[in-house]
Amino acid sequence: MIPARATQLARGCLASQRRLCTSKTISGLRQFSATAAARQSITLQVTGRGSGTQQTVSVKDKPYTFPTDTYAVLGGKDEAPSPVAYSLASLGSCNQVTGFVVAKDHGIKLGEWEVTVQGVLPTAVLATGAQGNPNWESVTLKVKVQTDITGGNEDPKFKHFVSEVDRRCPISQLFKRSGVVFNKVWQNSSWEGVLGFPSGYYEDTDEDEDQDKVEDEKEENDEDSDGEQPDNEEWLGCSKAWAVADFFNLLQNLFRDLKFVPTDSLNVRDVFTIYPPSFDGVLPMIQEIHCQHGWPDL
């Protein structure tokens with residue numbers, strides 16, 4: 001019997017597939033987020049402490065910090081990213097975060113991201129005090145993202161997705177409205193190997209392909225015997241489909257690989273969830289116990 005947590009996750013994955021199949025056409029896509037969070041403001045405060053060109057930056061009410069430095073040509077030790085490097089990093093990561101939000105709003109499934117940002121920064125004003133504009137001269141954003149949109153880069157749905165990300169990303173707008181020459185190139189990457197699950201849940205392997213061949217041969221024999229497909233071969237979704245048996249076989253493998261870990265008779269923890277700091281180290285400890293002593297009698 002599959003524990004309740006796994007069942008909930010399975011239902012979530014299936015529900016995601018159904019939402020994908022019933023997503024609206026381009027003409028019906030929403031222009032604005034309907035979430036309450038989109039109508040609110042976020043107040044942020046950062047504090048930096050250091051000496052020379054090095055600084056440690058903290059974010060108010062957050063447990064993490066990050067270091068900054070600068071290039072040796074400007075007198076730094078180059079032991080941490082420079083402020084200008086962070087500005088490019090913020091542009092890249094903000095586009096990914098915004099893309100995640102936009103995709104949820106429009107029923108688009110996303111996989112892996114690869115984001116590259118290149119900028120040209122004139123240094124005369126900064127380094128020598130010359131007159132002029134010390135801002136970036138030009139910035140180019142290159143994004144490669146896996147989506148379930150099958151029409152490639154020219155698909156209207158993908159173009160609309162990119163347009164919405166650009167419009168709603170605060171860091172993109174910060175760069176563009178500052179007068180920087182802003183270029184962007186988005187690539188709609190194929191969904192190969194990601195079988196209808198969030199990134200990190202499942203990817204094809206050679207072992208899986210061999211097993212698929214065995215199952216395909218068995219299904220062909222079954223079909224030849226009575227002219228019909230087996231009754232239990234129900235397919236879900238509209239583009240990336242799953243047989244019910246295969247779906248639950250995946251859940252079984254997640255338990256076997258200790259990616260789903262039962263902690264008692266009712267609860268299951270998984271490696272995909274981000275837990276609070278108080279839970280640090282607990283999941284690896286439970287996994288190690290299972291590895292050494294086998295499955296508990298729950």
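First, a word on what this report is: a plain description of the structure on this page. What you are looking at is a predicted structure, and each value in this text was computed from that prediction instead of being measured.

1. Brief notes about the packing of helix α2 (residues 83–106) against helix α4 (residues 156–168)
1) Next: Running from N to C, α2 and α4 point in directions that differ by 125 degrees, and their axes come no closer than 9 Å. The angle between the axes of α2 and α4 places the two elements in the oblique class. Seen from above, α2 lies across α4 with right-handed handedness. Between α2 and α4, the residues in contact are Asn-95, Thr-98, Gly-99, Val-101, Val-102, Ala-103, Asp-105 and His-106 and Lys-157, His-160, Phe-161, Glu-164, Val-165 and Arg-168, respectively.
2) Next: Of the residues in the contact of α2 with α4, the class split is five nonpolar, five polar and four charged.

2. Observations concerning the pairing of strand β5 (residues 138–147)
1) Next: Here β5 lies mainly inside the structure; seven of its 10 residues are buried.
2) Next: Summarising the sheet, β5 and strand β6 (residues 181–189) pair through nine bridges and their orientation is parallel. Residue Leu-141 lies in a different strand from β6, and its bridge partner there is Lys-184.

3. Quick word on the state of the cysteines
1) Next: For the structure on display, the rule yields zero disulfides.
2) Next: Cysteine Cys-94 remains unbridged, with the sulfur of Cys-169 as its closest cysteine sulfur at 3.0 Å.

Cut-offs used in this document
- Residues numbered from 1 in each chain as written.
- Predicted model: local features only at pLDDT ≥ 70, side-chain atom pairs only at ≥ 80, totals over all residues.
- Heavy atoms only, no water.
- Axes fitted to C-alpha atoms, helices over the stretch in contact; angles between N-to-C directions.
- Helix = DSSP H or I, 4+ residues; strand = E, 2+ residues; numbered from the N terminus.
- Parallel < 35°, antiparallel > 145°, perpendicular 65-115°, else oblique.
- Left-handed = near helix turned anticlockwise from the far one by under 90°.
- Contact = heavy atoms within 4.5 Å.
- Nonpolar A, V, L, I, M, F, W, Y, C, P; charged D, E, K, R; others polar.
- Buried < 20%, exposed > 50% of the residue type's maximum accessible area, 1.4 Å probe, protein only.
- Pairing = 2+ DSSP bridges.
- Disulfide = S-S within 2.5 Å.

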